[in-house]
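Secondary and tertiary structure notes
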Amino acid sequence: MTQSPEPSTEQLQALVDQLLDRDADAHAAAIDALAEEGDERVVPHLLEVLVIDGIANNWERFGFPAVLRGRDPPRYLELPEVRWPGVRDALATLAEPNFDSEHAWVEWESWYSQQEIDPLAGFDEWKLRLYRSYLPPVGSLLDCEPREFDLQGIRWGNCDRSFLAALNAPSFVPGDAVETGASGDSTDQQDDAPERYLDDDHVVFGFEIEGTQYAVPRWVLFPHELLNAELDGVPVSLTYCTLCNAPILYDRRVETDGEERVRTFGSTGMLASGNKVMYDEETETLWDQHAGTPIGGEMLADDPDRFLDQFAVTQTEWGDWKEQYPDTLALDIETGYGYDYSHYDGNIDFFEHYWNREEIVQPGVRREEGPLPEKASVYGITGDDPDEVWVVPIDDLRERDGGVLEAEIAGRDVVALLDATDDVAVYEAPSTSLERVEDGDGVALVGADGTRWELTRNELRSDEGETRARIPGRHGLWFAFRTHYETAHVLK
């Protein structure tokens, strides 16, 4: 005989279901009753509605991207039923902390990420109902099959695919046409000339496609987090996770059923272990931004071992990039999206805390003692297995004797060093020990046999004409590597 659930559990289930009603008064009554019941299994449910309530009802402070805080929030967040009165007090009754600041929902999320609290049975379906109803653009993507992520661990990132809009089909212009220090002061520009906005100390993401170099300023990409373009006939997506400072340039071409298809990527508004979850518009497959692998939906079902090809991205300052690549193109800031990009010029907002303060935890990330500090900046290389990564700690590389790190990655001998832009570059290694030199001819490697290897964008080239290919890698903070790959090796 099947035993009936305990009455208290039935009552709890009815109350958490009441949190989904389209009635803020019903929410308040359910929250009061849940606090009185005193069962911690409802903490995950209350945490979910706390986050929505905290953002929807304080949009001018917590809306994302920040340039939209002066505008009305999405209509679905303005509805009168998008309130859960008393939820913060209920959580304080059920759990040990009592966060009472204006950003208490952030503190509760950080706390919750460190706990192991089993919710009531049926939590996954409850969360899908919550997201479909109260965050419809997010919920429609989250409700996918199959999926390889834990629904309880997925966090909402203050946004959705409609207002964290990808920067699509942008224009690129000659770099000297947009830099502020170039000849032809901005005060006497022609009406049809691009705006001059790039300073030498602006951080840019630099890359090369088919022999042409491009630069995208980090602060212009910030409110988009993703750029889709076709450059020299190559469809690419420059993806950027602001929480882990990870710019990664993917090839948008995916082979399915023997045919090459182009994907258009966007941001779902969701986070998994502190990293953004992408999707493609063509199949609505969910993708891990950092690993470039499908994690939910059609592509996971049809081709679970798929991973996106990538190109090397250099994260450096504009002045250093243009010195190395004087013919580079740069993003035209007149994108057509109507954003005040100057908001981000010298201002990365609260992300500085996420990047630099160990006590601040990215949503969904559980702290873990390991070989590196969680916020250490690293550069990672994968092989044929997307679940395994080798990382180079950037600060360690700066301090290393000889200025190079020689190692084996996925059966290949490689050498990592800081190039002339002061960013990490990794190449297949010559069969000799190497030392980094910097002289009037630039940065180079000199082998124990005296052979000089010049650094170019895509290869090492010896003075005897031999070459060694560059190996594209990916930037980010250490926590993103340890949480998004089954095995993460730290190269020392």
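What comes next is a walk through the structure. (Residues numbered from 1 in each chain as written. Predicted model: local features only at pLDDT ≥ 70, side-chain atom pairs only at ≥ 80, totals over all residues. Heavy atoms only, no water.)

Let us look at the packing of helix α3 (residues 43-56) against helix α8 (residues 123-134). For the pair α3 and α8, the least separation of the axes is 11 Å and the interaxial angle reads 15 degrees. In terms of orientation, α3 lies roughly parallel with respect to α8. By crossing handedness, the relation of α3 to α8 is classed as right-handed. Together, Pro44, His45, Glu48, Val49 and Ile52 of α3 and Phe123, Trp126, Lys127, Leu130, Tyr131 and Tyr134 of α8 make up the contact between the two elements. (Axes fitted to C-alpha atoms, helices over the stretch in contact; angles between N-to-C directions. Helix = DSSP H or I, 4+ residues; strand = E, 2+ residues; numbered from the N terminus. Parallel < 35°, antiparallel > 145°, perpendicular 65-115°, else oblique. Left-handed = near helix turned anticlockwise from the far one by under 90°. Contact = heavy atoms within 4.5 Å.)

Before going further, it helps to spend a moment on the packing of aromatic side chains. Evaluation of the coordinates by the stated rule reveals 21 aromatic pairs. Their ring planes at 85 degrees and their centres at 5.3 Å tell us that Trp108 and Trp111 sit as a pair that is edge-to-face. Of this pair, Trp108 and Trp111 are both found in helix α7 (residues 104-113), 3 residues apart, which corresponds to roughly one turn of the helix. The same class applies to Trp108 and to Trp111, which are both buried. Clustering of aromatic rings is evident, with ring pairs tying together Phe64, Phe205, Phe222, Tyr240, Tyr344, Phe351, Tyr354 and Trp355. Just above the ring of Tyr134 sits the side chain of Arg22; from NZ or CZ to the centre is 4.4 Å. (Phe/Tyr/Trp six-rings, centres within 6.5 Å; stacked < 30°, edge-to-face > 60°. Buried < 20%, exposed > 50% of the residue type's maximum accessible area, 1.4 Å probe, protein only. Lys NZ or Arg CZ within 6 Å of the ring centre and 35° of its normal.)

Below, the discussion takes up the pattern of salt bridges. The final tally for this structure, using the stated rule, is 29 salt bridges. Residue Glu359 is joined to Arg357 by a salt bridge in which the shortest nitrogen-to-oxygen separation is 2.7 Å. According to the relative accessible area criterion, Glu359 is partly exposed, its value standing at 45%. A salt bridge links Glu454 to Arg452; its shortest N-O distance comes to 2.5 Å. Owing to a relative accessible area of 27%, Glu454 belongs among the partly exposed residues under this scheme. (Salt bridge = Lys/Arg side-chain N within 4 Å of Asp/Glu carboxyl O.)

The next point concerns empty space enclosed by the protein. For the structure shown, the criterion picks out 4 cavities of 30 Å³ or more. Looking at the largest cavity, its volume works out to about 60 Å³. Looking at the lining of the largest cavity residue by residue, the classes come out as 4 nonpolar, 1 polar and 4 charged. (1 Å grid on protein atoms, 1.4 Å probe; cavity = no way out; pocket = protein on both sides within 12 Å on 5 of 7 lines; lining within 4 Å. Points joined across faces, edges and corners; volume = space filled by probe spheres on them. Nonpolar A, V, L, I, M, F, W, Y, C, P; charged D, E, K, R; others polar.)

Inspection of the secondary structure puts Thr382 in strand β18 (residues 377-382). Taking the relative accessible area as the measure of exposure, Thr382 reaches 15% and is therefore buried. Between the C-alpha atom of Thr382 and that of Leu372, which follows or precedes it by 10 residues, the distance is 19 Å. Ignoring anything within four residues of it in the chain, the contact list for Thr382 reads Glu388, Val389, Arg412, Arg474 and Tyr485.

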